[in-house]
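Structural overview
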Amino acid sequence: IVKWNRFYKIIDEEETQFMTSCPPAVTESIPRRRTRIQVFWTAPPSGSGCVILKAMEKPLQDCCACGTAKYRVTFYGNWSEKVHPKDYPRRANHWSALIGASHSRNYVLWEYGGYASEGVRQVAELGSPVKMEEEIRQKGDDVMTVIKTKAQWPAWQPLNIRAAPSAEFSVDRAHHLMSFLTMLGPSPDWNVGISGENLCTQECGWVQRLVKDLLPWDAGTDSGVTYESPNKPTNPQERIRPLTSLDHPQSPFYSPHGGPITPLARVVVERIARKGEQCNTVPDTVDDIVADIPPEDTEEDNTPETCIYSNWSPWSACSSSTCDKGRRMRQRMLKAQLDATVPCLHTQDFEPCMGPGCREEEPSTCMLSEWISWSPCSASCGMGMRSRERYIKQFPEDGSSCREPTEETEKCVVNEDCSPSSCIVTEWTDWEPCSVSCGLGMRRRVRMMKMDTSDGSPCRVPLEEVEKCMMPECTVDCMLSDWSDWSECNKSCGKGHMIRSRMVKLEAQFGGVPCPETVQRKKCKIRKCSKPEKGNKDRAGRSVCKLQPWSSWTECSELCNSGIQERVKAVRKTGKGSHSNGCKPKKEIRTCNTQPC
């Protein structure tokens, strides 16, 4: 945290940003574990005071809530062709079974910057929750509730046709965190989920409601870049990281402009009950305390989690056309059997029925899908027709036919000014290569005019289109400051050395030129050191002259362009057995004011 935030400059806004709650501080733009964040920082003027630079990670506080709480987690998938149209897999799109747990802080299912366990890998690549559930249950006392929901085929359907999957779980003071993940398929190893969400509040209560939009992340176990990339194990395994819109031009989430990815799902966690004595420091606004919390609801479905089915087909017509009892049937397909040792259940289902008009209840209605997108207009210029369709998901329960329309048509106009004198142009050419070999550039495509307007008026249709394009990251060479001045010689006489240094402004990235040396040293010699005279020594070589301490340095002989200073040790007393003329004062000289004038 830096007091002088105006001296901070963000290098990469995709990776780094100022904290909204504390503008002087800098934090990451994307949630992932980091060992460093790069910024340019200019020191404040001399005399401004002390500068303190701190790097910190907010620690997870101990939970102080009392009693237990029960929650319901509901998963709303938003991954659809309408919202994410690029390369959307129409035939096999689905969400895998959701798997997770309420747990203590000692257990981590998954986290950004960590490595995927074998259980996470099997969910991420195969959509199988079996190994993940096994890993969770092996954690024993660190886990309170295993969270599970069924897989969803297809990935998206209106809520009036298929309810959003949900599950219930419990938490207490020791198990106040909730984590889960689910795979979007088909994909290399892409998932959405929550890691270590704390449901305990600072006021020693339990969170009432939590809503989070979920973005996709890569498990680091497969190197594919598209939904249906062939299997390509990542070796060595990489860390879990969020997907971004600039990962790879072939990625379905890629955008040449960058920016955030539209969320693929939303999860809602709602508190439905509390049990036991509560110790909130702030009163809770919801009265949901009960005498006993029933065990989590489990859906009575014997379908093994290793068997992946399609949705049930609509019910067939009744085998009886009278009021006698008959039977009708529906079917589903076995899409995948993840474990060959576990048998998969039946793919047909029957129920009793009667002919049309035999029930006293009001006739049931058809269940229809949403309308499919409009077809292209039948005309390339002027007035034409387009159509759209929907299909019957389920016939009326009484066996009657559906009367609602399953096809619609309407008029469409491609070009209002469509007359014999209008321009006629060719098809667009392919996009030209990107204008740069790395980083963000531009590309264009053109089309030619086949026929100009016969009346001489200008042709108003565009003949050129330009868009941004993103190539692999550019190499960044090391950036250094200028060399400092040479230091003073480290010796006052004889041979010594001087040094100078420079600072690293920016480390090399993406294969750029690495940083060269940042410290240089060279020899220096001011003068020869004076040798002691023989008259100052006795026969044993001991000094017999008494000298005073060094005097202060004299003023520099020059204001610039190098001058000299002197200091001396004067003779204080002559020792026994020596002549007074034999002792001489000592003198030292050094350079000063070496800066140019």
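Just so we're clear, the structure is a prediction, and the values are computed from it rather than from any experiment.

**Description of the state of the cysteines**
Note on terminology: disulfide describes a covalent bond linking the sulfur atoms of two cysteines. Using the criterion set out here, one finds eight disulfides in the structure. In this model Cys66 forms its disulfide with Cys279; the gap between the sulfur atoms is 2.1 Å. As the torsion about the S-S bond is roughly 100 degrees, the Cys66-Cys279 disulfide counts as right-handed. Remark: Cys279 occurs in the loop between β15 (265-275) and β16 (289-290) and Cys66 occurs in the loop between β4 (39-41) and β5 (68-77); sequence separation between them is 213 residues. Note on Cys66: relative accessible area 19%, which makes it buried.

**Focus: helix α2 (residues 130-137)**
Along α2, the residues classified as buried are Met132, Glu133, Glu135 and Ile136. Seen along its axis, α2 keeps its buried residues to an arc of 160 degrees; they face one direction. Packed against the buried residues of α2 are β7 (98-103), α1 (118-126), β8 (143-149) and β10 (177-185).

**Details of the nonpolar core**
If you look at the biggest cluster of nonpolar residues, it comprises 35 residues, and the most contacted ones within it are Tyr71, Trp95, Phe169, Leu199 and Val269. Elements supplying a minimum of two residues to this core: β5, β9 (166-172), β10, β11 (190-198), β12 (209-214) and β15. Ranked by the residues each element gives to this core, the list is headed by β5, at four residues. In terms of nonpolar packing, the next biggest core, distinct from the first, is built from 19 residues, Ala101, Val123, Ala124 and Met183 among them.

**A word on the confidence of the model for the protein chain**
Detail in the predicted coordinates should be disregarded across regions flagged by low pLDDT. Mean pLDDT for the protein chain: 79, with 76% of residues reaching 70 or above. Per-element confidence in the protein chain ranges from a low mean pLDDT of 62 for strand β1 (residues 8-10) to a high of 96 for β7. Taken together, the stretch residues 1-6 has pLDDT below 50 and engages in 17 contacts with residues farther than four places along the chain or on a different chain.

**Regarding the environment of Ala116**
Mapped onto the fold, Ala116 is located in the loop between β7 and α1. For the pair Ala116 and Gly220, spaced 104 residues apart in sequence, the C-alpha to C-alpha distance is 7.2 Å. Once you skip the residues sitting within four places of it in the chain, Ala116 turns out to touch Arg121, Ala219, Thr221, Gln237 and Ile240.

**Examining the pattern of salt bridges**
Applying the stated criterion to the full structure yields 23 salt bridges. The salt bridge partner of Glu197 is Lys212, with a shortest N-O separation of 3.8 Å. Residue Glu197 is located in strand β11, and its partner Lys212 is located in strand β12; the two are separated by 15 residues in the primary sequence. For Glu197, a relative accessible area of 17% translates into the label buried. A relative accessible area of 30% places Lys212 in the partly exposed class.

**Points about the packing of α1 against α2**
Across the interface, α1 lies against α2 with an axial gap of 7 Å and an inter-helix angle of 155 degrees. The orientation of α1 relative to α2 falls into the category roughly antiparallel. Of the two elements, α1 crosses α2, and the hand of that crossing is left-handed. Packed against α1, whose contacting residues are Glu118, Gly119, Val120, Gln122 and Val123, the element α2 presents Lys131, Met132 and Glu135 at the interface. Grouping the amino acids of the contact of α1 with α2 by side-chain chemistry returns three nonpolar, two polar and three charged.

**As for the side chain of Thr74**
One can find Thr74 in strand β5. In this structure, Thr74 is in contact with Ala164, Pro165, Ser166, Arg266, Val267 and Val268, ignoring residues within four places of it in sequence.

**Section: a positive patch on the surface**
On the surface, Lys495, Lys523, Lys525 and Lys528 cluster together to form a positively charged patch. Looking at the element boundaries, Lys528 is found in the loop between β32 (519-525) and β33 (545-547).

**Focus: the packing of aromatic side chains**
Scanning the entire structure with this criterion turns up ten aromatic pairs. With a centroid separation of 5.1 Å and 65 degrees between ring planes, the pair formed by Trp79 and Tyr88 is classed as edge-to-face. Taking the centre distance of 5.4 Å and the plane angle of 90 degrees together, the rings of Trp110 and Tyr112 count as edge-to-face. In this structure, Trp110 and Tyr112 share a single accessibility class: buried. In textbook terms, an aromatic cluster arises when at least three aromatic residues are bridged by ring pairs, as seen for Phe75, Trp79, Tyr88, Trp95, Trp190, Tyr227 and Phe253. Sitting over the face of the ring of Trp550, Arg567 holds its NZ or CZ atom 4.6 Å from the ring centroid.

What counts, and where the lines are drawn
- Residue positions within a chain follow its written sequence, with the count starting from 1.
- It should be noted that, the model being predicted, local features are given only for residues of pLDDT at least 70 and side-chain atom pairs only at 80 or more, the latter also being counted only at that level, while totals for whole chains, interfaces and linings use all residues.
- Hydrogens are left out, water is left out, and the side-chain values use all remaining heavy atoms of the structure.
- Here, a disulfide means two cysteine sulfur atoms that sit within 2.5 Å of each other.
- Secondary structure is summarised from DSSP: a helix means a run of H or I of at least four residues, a strand means a run of E of at least two, and numbering begins at the N terminus for each.
- A 1.4 Å probe rolled over the protein chains alone gives each residue an accessible area, and that area as a share of the maximum for its type sets the label: buried under 20%, exposed over 50%, partly exposed in between.
- By construction, the arc corresponds to the directions joining the helix axis to the C-beta atoms.
- For this analysis, residues touch if any pair of their heavy atoms sits within 4.5 Å.
- Definition of nonpolar core: a set of buried residues of the types Ala, Val, Leu, Ile, Met, Phe, Trp, Tyr and Cys, connected through side-chain atoms within 4.5 Å.
- pLDDT expresses, on a scale from 0 to 100, how confident the predictor is about each individual residue.
- Basic side-chain nitrogens of Lys or Arg form a salt bridge, by our definition, when they fall within 4 Å of a carboxyl oxygen of Asp or Glu.
- To get an axis, a line is fitted to the C-alpha atoms, and for a helix only the part in contact is used. The angle between two axes follows their N-to-C directions and goes from 0 to 180 degrees.
- Roughly parallel means an angle under 35 degrees; roughly antiparallel, over 145; roughly perpendicular, 65 to 115; everything else is oblique.
- Handedness of a crossing is defined here by the sense of rotation of the near helix relative to the far one, left-handed for an anticlockwise turn of less than a right angle and right-handed for a clockwise turn.
- Ten residue types, Ala, Val, Leu, Ile, Met, Phe, Trp, Tyr, Cys and Pro, are classed as nonpolar, four, Asp, Glu, Lys and Arg, as charged, and the remainder, Gly among them, as polar.
- What goes into a patch is any residue over 30% in relative accessible area without a salt bridge, connected to like charges within 9 Å or, for nonpolar side chains (Val, Leu, Ile, Met, Phe, Trp, Tyr), within 5 Å.
- A 1.4 Å probe and the Shrake-Rupley method give the accessible areas. Residues count as covered only by the protein chains that appear here.
- The positive count covers Lys and Arg only, the negative count covers Asp and Glu only, and His and the chain ends enter neither.
- Where a charge lies is defined by one atom per residue type: Lys uses NZ, Arg uses CZ, Asp uses CG and Glu uses CD.
- The aromatic pairing rule takes the rings of Phe, Tyr and Trp, using the six-membered ring of Trp, and pairs them if the centres are within 6.5 Å, calling planes under 30 degrees apart stacked, those over 60 edge-to-face and the rest tilted.
- Here, a charge over a ring means that NZ of Lys or CZ of Arg falls within 6 Å of the ring centre while also lying within 35 degrees of the ring normal.

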